[in-house]
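# Examining the three-dimensional arrangement
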Amino acid sequence: MSSSRRIAWMLGTWILILVIYSAVSLLLRRGSDSLSAFGNIVQCLVPLFANAGLLLNAGTPHWRRNIFWMLLAMSCTLWMIGQFEWTYYEVYLHRPLPEMYPGDILFFLRGIPMMAAIALRPHRKRGEIQLRFGYLDFVLLLIWWTFLYVFVVLPWLYAAPSLGQYNHTFNLLTNIQNMVIVVGWAILWLQSSGAWRIVYANLFGASTVYMFSSLFINVAIDGHKYYTGSLYDLQLLSTFLWFALAGVIAHQNQGRLDAPSENAYDSDPDSTSEESVWPARLAMAAVISLPLFAIYTLRFSQDDAQVRDFRLMATLLASVPLALLIFVRTHLADRDRSRLLAQSEQSIENLKRLQAQIVQSEKLVSLGQLAAGAAHEINNPLAAILGFSDLLADDPSIPEKARTTASKIRDQARRTKTLVGNLLSFARQVPAERTLLDINTVVNNAVQLRALDLRSGTTRVELQLESVLPGVRGDGNQLMQVFFNIISNALEAMEAANGGVLTIKTIRDRGNVVILFSDTGPGLKDPQRVFDPFYTTKPVGKGTGLGLSICFGIVQEHGGKILSYNRQEGGAVFRVELPAVLAALPAKELQLSTASATRQKPS
């Protein structure tokens, strides 16, 4: 069913309920048990319709919005509980509700969850800290509002019972509360835009109808004209049916409620911070008002001693939770200030390290350009050395010993040319591209490049490369950078611990090519943090903490994973997994390699 048809059905049901209620009210005799039972049962059911419509919106991922709708439903539920008590007297006991009844407080308390819902303002986006302090401020206001009812109304029920004073103070305070709620919805209606404006408009209309309904019914009760099932109840029924309609409209516009606000007032963080000031000021005023109530009771009140004692005791009891909440708010504010100060200090420290890293990066860029230029220059004499050594090695007129020496010179020159090519690749003098790679070749190139700086004789590298591996699609320069960083870190750690062995193994694991780097060094102090930016265990000036974090990003860009952990027998292990290009292998060979990889999977 489309949204417009659903709303049309609800409007039709609304009108039908009002017509049936009016017909029954006019047909049955005033004050009869049948009319009383009918009116009470209907008034117990309509809040259920309201709750059903409102709670449709309480299952969203937005918890503030869920609380908003649940508070509105709680308001209707409190009113329904009060109506159940009314029904118990008139339908079950067959006698009218006492004129001075303590359960009237439920009809007053039903406005408190609604005021809390208004204070949430779910159309706005606010931070966690602002929300937390906003809730504390509003809890202060709610306690104060409940205290106001106890201070103004209840003395005429318990301390010095007086029907006229009780009805007057109850109606006065209830009407003020209803007007506050209506004004709150009006403010939200004017401040919002889009779908939220429509929702607030409906909630404003329902609350306005309830305000006038409560006013007319209270006047009719004072004039002894009201009876259950009368036409005075039509506005009350319309209130809850309108709340249900507002919930359904909001449910049908959930997507639009999530859309960014078009109102600049909603999205301006400065205006949001300014708006969050008034609950704190009102909460402060509420706390300060308690001594003023006590002074008024002692010095200016002309009421009986019982009323004064009751009000003084209520003021004293209310000061305890209010003072406790003020203490909690101060404690949370101090803790948040300390946390923000620590975060600011850490941010400044990270900024300093980042600035130092930028300077170091500029130096590395210059050094890389210098190395690339030197490598280009080295290639020219290398080409001459290779050419002349080839001539000498292949010249039969030269003695055998000289040709052997020339052959060795040629081999070493070719090795030097290969290392220079690797250096050029590592310095990014080759454009980045994704090609089909042989991982064993990339590993060999990284090992050869690192071997240029392998000064210590106490560390060595062992290769255990599987002969047949699937291809991997990626950037060979970037992957060589990953392997070079891991190899360098392992060798430096073992050199600091008097030597060791780095074993590099390549295997097949299902649809991945796995490269294992296992060393016999001291291991990792915190394996879970080695890929965090700026985390390093090297002395100051020797490490920036960015090498492995860059490696982590490169491997992720290739669709792979990189893990680190410590071996039980000692040493660290880095495991790099890269997705294999399985189409590079024949189907039969792929099945065999998969079975082999399953058998050889490391623990």
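Our subject is the structure that appears above.
Before going into details, it helps to say that this report is about the structure given with it. (Residues numbered from 1 in each chain as written. Predicted model: local features only at pLDDT ≥ 70, side-chain atom pairs only at ≥ 80, totals over all residues. Heavy atoms only, no water.)

### As for the nonpolar core
Heads up, the condition is: By convention a nonpolar core is built from buried Ala, Val, Leu, Ile, Met, Phe, Trp, Tyr and Cys residues, the set being connected through side-chain atoms within 4.5 Å. The rule is simple: take the accessible area with a 1.4 Å probe, protein chains only, and divide by the maximum for that residue type; under 20% is buried, over 50% is exposed, in between is partly exposed. Secondary structure elements are defined from DSSP: runs of H or I of at least 4 residues count as helices, runs of E of at least 2 residues count as strands, and each element is numbered from the N terminus. In this analysis, two residues are considered to be in contact whenever any of their non-hydrogen atoms come within 4.5 Å of each other.
Phe68, Leu72, Trp144, Phe147, Tyr149, Trp185 and Leu203 are the most contacted members of the largest nonpolar core, which totals 79 residues. For this core, the leading source of residues is helix H6 (residues 128-152), giving eleven residues. In contact with phenylalanine 147, not counting residues within four places along its chain, are Leu290, Phe293, Ala314, Thr315 and Ala318. Among the nonpolar cores identified, the runner-up in size contains 35 residues, and Leu437, Leu548, Phe574 and Ala580 belong to it.

### Quick notes on the packing of helix H3 (residues 63-92) against helix H5 (residues 111-120)
To be explicit about the condition: Under this scheme, a helix contributes an axis fitted over its contacting stretch, all axes are lines through C-alpha atoms, and angles between N-to-C directions fall in the 0 to 180 degree range. Roughly parallel covers angles under 35 degrees, roughly antiparallel covers those over 145, roughly perpendicular covers 65 to 115, and oblique covers all other angles. Crossings are classed by handedness, with left-handed meaning an anticlockwise turn of the near helix from the far one by less than a right angle and right-handed meaning a clockwise turn. When residues are grouped by polarity, Ala, Val, Leu, Ile, Met, Phe, Trp, Tyr, Cys and Pro land in nonpolar, Asp, Glu, Lys and Arg in charged, and all others, Gly among them, in polar.
Packing of H3 against H5 brings their axes to within 8 Å, and their N-to-C directions diverge by 160°. With respect to each other, H3 and H5 are oriented roughly antiparallel. Seen from above, H3 lies across H5 with left-handed handedness. Contact residues: Arg64, Ile67, Phe68, Leu71, Leu72, Met74, Ser75 and Leu78 in H3; Pro113, Met114, Ala116, Ala117 and Leu120 in H5. The residue makeup of the contact of H3 with H5, split by class, is eleven nonpolar, one polar and one charged.

### Focus on the environment of proline 527
As for its position among the elements, proline 527 is in the loop between strand E5 (512-519) and helix H18 (547-557). C-alpha separation for the pair proline 527 and asparagine 566, spaced 39 residues apart in sequence, amounts to 7.4 Å.

### Looking at empty space enclosed by the protein
Put simply, the rule reads: Buried and open spaces are told apart on a 1 Å grid over the protein atoms alone, a cavity being a set of points where a 1.4 Å probe fits but cannot get out and a pocket being an open set with protein on both sides within 12 Å along at least five of seven lines. Residues with an atom within 4 Å of a point are the lining residues. Grid points are joined across faces, edges and corners, and a volume is the space filled by probe spheres set on the points.
Using the criterion set out here, one finds two cavities of 30 Å³ or more in the structure. One number sums up the size of the largest cavity: a volume of about 40 Å³. Forming the boundary of the largest cavity are Arg110, Met114, Asn178, Ile181, Val182, Ser207 and Tyr210. Of all the secondary structure elements, the ones that give two or more residues to the lining of the largest cavity are helix H7 (163-191) and helix H8 (195-222). Ranked by residue count, the leading element in the lining of the largest cavity is H7, at three residues. Residue composition of the lining of the largest cavity, by class: four nonpolar, two polar and one charged.

### A word on the pattern of salt bridges
Selection criterion: Any Lys or Arg side-chain nitrogen found within 4 Å of a carboxyl oxygen on Asp or Glu counts as a salt bridge.
What the rule picks out here adds up to 13 salt bridges. For the salt bridge of arginine 337 with aspartate 334, the shortest nitrogen-to-oxygen distance reads 3.1 Å. Highlighted residues: arginine 337 and aspartate 334, both in helix H14 (residues 305-394), separated by three residues, approximately one helical turn. On the accessibility criterion, aspartate 334 (40% relative accessible area) is partly exposed. In this structure, the salt-bridge partner of aspartate 336 is arginine 339, at a minimum N-O distance of 3.3 Å. Of the two residues, aspartate 336 and arginine 339 are both situated in helix H14; the distance of three residues between them amounts to about one turn of the helix. Given a relative accessible area of 6%, aspartate 336 falls into the buried group. A single network of salt bridges, built from pairs that share partners, joins Asp509, Arg510, Lys561, Arg575 and Glu577.

### Points about the layout of surface pockets
Rolled over the atoms, a probe with the dimensions of a water molecule shows which regions are left empty. In this structure, the second largest pocket occupies an estimated 1,100 Å³ of space. Looking at which element gives the most residues to the lining of the second largest pocket, the answer is H8, with eight residues. Residue composition of the lining of the second largest pocket, grouped by class: 16 nonpolar, 15 polar and eight charged.

### Side note on the pairing of strand E7 (residues 572-579)
Defined as follows: Any two strands between which DSSP finds at least two bridges are classified as paired.
By the criterion of burial, E7 is predominantly enclosed, with seven of the eight residues buried. As paired strands, E5 and E7 are joined by seven bridges and run antiparallel to one another. Residue pairing in the sheet places isoleucine 515 in a bridge with valine 576 of E7. Summarising the sheet, strand E6 (residues 561-566) and E7 pair through six bridges and their orientation is antiparallel. Pairing of tyrosine 565 across the sheet is with valine 573, part of E7.

### Description of the sheet that holds E6
Reading across from one edge, E2-E4-E5-E7-E6 is the order of the five strands in this open sheet, with mixed pairing throughout. Whereas interior strands pair on both sides, the edge strands pair on one side only; in this sheet they are strand E2 (459-465) and E6. Each adjacent strand pair in this sheet contributes to an overall mean axis angle of 15°, direction not counted. Sheet topology note: the E2/strand E4 (residues 500-509) ladder contains seven bridges and is parallel. In the sheet register, glutamine 464 faces E4, and the bridge partner there is lysine 505. Contacts between helix H16 (residues 439-451) and the sheet are confined to E2, E4, E5 and E7, with E2 contributing the most and set at about 170° to the helix.

### Some points on the packing of aromatic side chains
Test applied: Centres within 6.5 Å make a pair out of two Phe, Tyr or Trp rings, where for Trp the six-membered ring is used; the pair is then stacked when the planes are under 30 degrees apart, edge-to-face when over 60, and tilted otherwise. Charge-over-ring contacts are defined here by two conditions on Lys NZ or Arg CZ: a distance within 6 Å of the ring centre and an angle within 35 degrees of the ring normal.
Within this structure, the stated rule accounts for 26 aromatic pairs. Between tyrosine 88 and tyrosine 92, the aromatic rings sit 5.4 Å apart at their centres with planes inclined by 20°, giving stacked as the arrangement. Pair noted here: tyrosine 88 and tyrosine 92 are both in helix H3, with a separation of four residues, about one helical turn. Centroid distance tyrosine 166 to phenylalanine 170: 6.1 Å. Interplanar angle 15°. Geometry classified as stacked. With tyrosine 166 and phenylalanine 170 both in helix H7 and four residues apart, the pair spans about one turn of that helix. In terms of burial, tyrosine 166 and phenylalanine 170 fall into one category: buried. Aromatic rings pair up to connect Phe108, Trp144, Trp145, Phe147, Tyr149, Phe151, Tyr166, Phe170 and Phe293 into one cluster. Lying over the aromatic face of tyrosine 210, arginine 110 brings its terminal NZ or CZ to 4.1 Å of the ring centre.

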